[in-house]
Amino acid sequence: MSDAIATGMLAAAGIYLLMQRGFVRAVIGFLLLQHAVNLLLITARAPQRDEAPIVPLNTPSDPLGQAFVLTAIVIGLGSVLFLLAVALRYSRLRNAAVVEQHPPDSAARSSRDPGATGADGRDDRADGGTQGGDELP
Amino acid sequence: MMKTQLLLIAPLIAPLTAAGIAALGRGRRGLQRVASTVALVVVTGAGTLLTLRAVPSGVVHTVIGSETALTGIALTADPFGAALVAAIGLLTTVAVTTTAGTGDDHHPLQHPLLLVLVGGACGSFVAGDLFNLFVMFEVVLIASYVLLVLHGGLRQFRAAAVYVIVNLVGTVLLLAGIAAVFAATGTVNLALLAERPTVAAGAMPGAALVLIAFTLKAGLLPFSGWLVVGYPATRRTTMALFAGTMTTVGMAALYRVALLAFGDAEVLRTAVLVVAVATALLTSLAALAAADHGRVLALLITTQVGFMALGFGLGTVAGIAAGVFFVLQDVLVKTAVVLAYRSCGEHHPPVIRGIVTASFAVLALSLVGFPPLAGFVGKALLVEAALEAGAVVAAAVALAASAMTLAALLPLWWHITGNRDGGGEGTARRLRPGACAAPAAVVAVAAVAVGIVPGWLLAIAGAAAEVLADPAGYAQEVLGP
């Protein structure tokens, strides 16, 4: 019962975070969702749940579920690390683009018709005015 | 016995070993190309031998690491999986040749990643249980994530964000489905699942989750956004490789797992049929409206996925055979269309330009389904099977989607005959025109040949359909009496 509630809460929190706009928030959401599923895998090997997978003690429990979870955790961790690397690189690229494009922009604004530059101001180059550094469309 | 084991492991081990070698030999492009070539020859050869064995005998299978299928790693190759291994070997060879020709493999990690992708794809085609399938999916996906952002500009990273998140959610769904199936039936082995009833064991929710994850990976409609956003952002040859492998991995899993393990779940098949019809119709409509040519190609790839899933959705032996035939010819044609389109350009000498244009024309017509090309045979079989099964709407949509595919391809044709650049992200540095044009031309000739003499491929498809439509026979074959 308690594991079912824990799984449900982890999944709900994960999905809520995935629905948010920020990329890092989505990564954390994915992490929580991954843990919800790990818990699900552990509880899936239902019959001899409480026993350790050791043969001489009592009825050997099925080691398959534990092997699954181990693999799933490793893969999930790798995916999260990759996602964080993507987030980091993206924010650097974005900042670099802002630095590169700023001087010609401001030069154009001061020298030429000031009315025309309003439409393609500095937020447009990121395709749709994102605010936080970690946000992706 | 030993030889069977070797044949089944080779498509997995050869690319991964070569990937290691290529990763160690970073900066030596000659070495990397040799490693890729050797690995791909091994994959294609092993796939061909497996197909030759599986077509008469039904299933080629082995267990690694243990004596019984319960505790070891089960590898099983039905005719479909075996033929797909060979097809992936061929299409990667085609893509790698073009990559080398355009100089797109200048990044030291291009070859290793590509080989990992191939290894994972082959592994997923011969995986004998659900969990190994999941692991292989991850191998393919992680390699593809990195390939996507390898030459990363802002656009690539923005596309990768959508691509990665959607696919990871798919992975989580798959894992949850596997857990639910495991809880209900106590096993994840395909043969054991084939033996046991799905509905009566209460494994339906799990089976549905697994199927949703597969349709997501295959790029069927509610989930095709990642494909349409992700593919156009890739470099020219990477997109071709993705077009051939990524959706095929999901589609092959759909056919193999859903038919064998959850064969008695009629409801799920019907749901997939509806989704497939909607995909074919709506994505071809969207392709008509799309302005960006990369987007048109991505949407048309999704349309083809709809056709592929049609055969599965019908569920009859004729439908499955038609679907298998369609998948096997389509992976190569799709890859070559993208290659031909993206390797065109004004920097080629006139003869090469002519060859590229001609092969694009042939391949595009095969995609549409003109006789006497391979695509025509595939679509004709599908429509016939749909009419036979009483799915008149599906048949009508298939015809309409084909017509819209033709219309959507016309702007690309005008573009390519106008001798403009293929719109890839790459530059024209160190171009070898021969290597750019030859692979697509070879596939174009093959498409004509298969269209005129389809008998051998039909035999493979027929054998595959017989295995896939008979889960009990499959279980008996793999588990022994």
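Note that the coordinates shown come from a computational prediction; the quantities given were computed from them, not determined experimentally.

A. Spotlight on the overall build of chain A. Each helix and strand counted, chain A has three helices and zero strands in total. Counting helices and strands in the order they occur from the N terminus, chain A gives α-α-α. Put simply, 50% of the contacts in chain A that link residues at least 6 apart link residues at least 24 apart.

B. Examining the interface of chain B and chain A more closely. Listed as interface residues are 22 residues of chain B and, on the opposing side, 27 residues of chain A. Put simply, the parts of the chain that give the side of chain B that touches chain A at least two residues each are helix 5 (130-149) and helix 6 (154-185) of chain B. Ranked by residue count, the leading element in the side of chain B that touches chain A is helix 6 of chain B, at 15 residues. Classifying every residue of the side of chain B that touches chain A by side-chain character gives 19 nonpolar, one polar and two charged.

C. How the structure looks around the environment of Arg94 of chain A. Within the element layout of this structure, Arg94 of chain A appears in helix 3 (residues 64-111). When the C-alpha positions of Arg94 of chain A and Arg25 of chain A are compared, they lie 18 Å apart, and in sequence the two are 69 residues distant.

D. The confidence of the model for chain B, seen in detail. Residues and elements named next belong to chain B. In this model, chain B carries a mean pLDDT of 85, and residues with pLDDT of at least 70 account for 95%. Every residue in residues 422-428 is under pLDDT 50, and counting partners more than four places away or in other chains gives 20 contacts. Among the scores for the predicted complex, ipTM is 0.82 and pTM is 0.86.

E. Layout of the UniProt feature "transmembrane region" (unreviewed entry) in chain A. Residues and elements named next belong to chain A. The UniProt entry lists residues 23-44 and 64-88 under the feature "transmembrane region" (unreviewed entry), expressed in the numbering used here. The span residues 23-44 carries 100% helix and 0% strand; its end-to-end C-alpha distance comes to 31 Å. This span, residues 64-88, is 100% helix and 0% strand, and a straight line between its end C-alpha atoms measures 36 Å.

F. Representation of the pairing of strand 2 (residues 73-77) of chain B in the model. Residues and elements named next belong to chain B. Burial analysis of strand 2 places four of its five residues in the buried class, which makes it a mostly covered element. Pairing between strand 1 (residues 60-64) and strand 2: five bridges, direction antiparallel. Opposite Thr62, over in strand 2, you have Leu75 as the bridge partner.

G. Structural view of the nonpolar core. Counting residues in each nonpolar core, the largest one holds 233 residues, and the members touching the most others are Val85, Ile178, Ala179, Ala309, Ala336, Leu363 and Ala398 of chain B. A per-element tally of this core places helix 6 of chain B first, with 21 residues.

H. Inspection of helix 10 (residues 236-260) of chain B at higher detail. All names here are of chain B. Spanning 25 residues, helix 10 covers 36 Å between terminal C-alpha atoms, matching the ideal 36 Å at 1.5 Å per step. Along helix 10, the largest kink reaches about 35° and is centred on Phe242. Burial runs high along helix 10: 25 of the 25 residues are buried.

I. Fine view of the confidence of the model for chain A. Residues and elements named next belong to chain A. Confidence along chain A averages 71 in pLDDT terms, with 58% of residues attaining 70 or more. Summarising per-element confidence for chain A, the mean pLDDT is lowest in helix 3 (77) and highest in helix 1 (residues 2-18) (90). Ignoring residues within four places in sequence, the model shows residues 106-137, a span with pLDDT below 50, making 28 contacts including any to other chains.

J. Local environment of unusual backbone geometry. Cis geometry is found at the peptide bond from Pro371 of chain B to Pro372 of chain B, where omega equals 5°. Tracing the backbone shows Pro372 of chain B in the loop between helix 14 (350-368) and helix 15 (374-388).

K. Structural context of the packing of helix 11 (residues 266-289) of chain B against helix 16 (residues 392-417) of chain B. Residue and element names in this part refer to chain B. In contact at an axis separation of 8 Å, helix 11 and helix 16 are set at 25° when each is read in the N-to-C sense. Judged by the angle between their axes, helix 11 and helix 16 are roughly parallel. For the element pair helix 11 and helix 16, the recorded crossing hand is left-handed. Each of Leu273, Val277, Ala280, Leu281, Ser284, Leu285, Ala287 and Leu288 in helix 11 lies in contact with helix 16, whose residues at this interface are Val393, Ala394, Val397, Ala398, Ala400, Ala401, Met404, Thr405, Ala407 and Ala408.

Calculation notes
Residues numbered from 1 in each chain as written. Chains lettered and ligands numbered in written order. Predicted model: local features only at pLDDT ≥ 70, side-chain atom pairs only at ≥ 80, totals over all residues. Helix = DSSP H or I, 4+ residues; strand = E, 2+ residues; numbered from the N terminus. Contact = placed C-beta atoms within 7 Å. Nonpolar A, V, L, I, M, F, W, Y, C, P; charged D, E, K, R; others polar. pLDDT = per-residue confidence, 0-100. UniProt positions renumbered as here; feature names shortened; annotations may be inferred. Buried ≥ 20, exposed ≤ 12 C-beta atoms within 10 Å, placed from the backbone. Pairing = 2+ DSSP bridges. Core = buried A, V, L, I, M, F, W, Y, C linked by C-beta atoms within 7 Å. Expected span 1.5 Å × (residues − 1). Bend = angle between axes of the 7 residues up to and from the residue. Axes fitted to C-alpha atoms, helices over the stretch in contact; angles between N-to-C directions. Parallel < 35°, antiparallel > 145°, perpendicular 65-115°, else oblique. Left-handed = near helix turned anticlockwise from the far one by under 90°.

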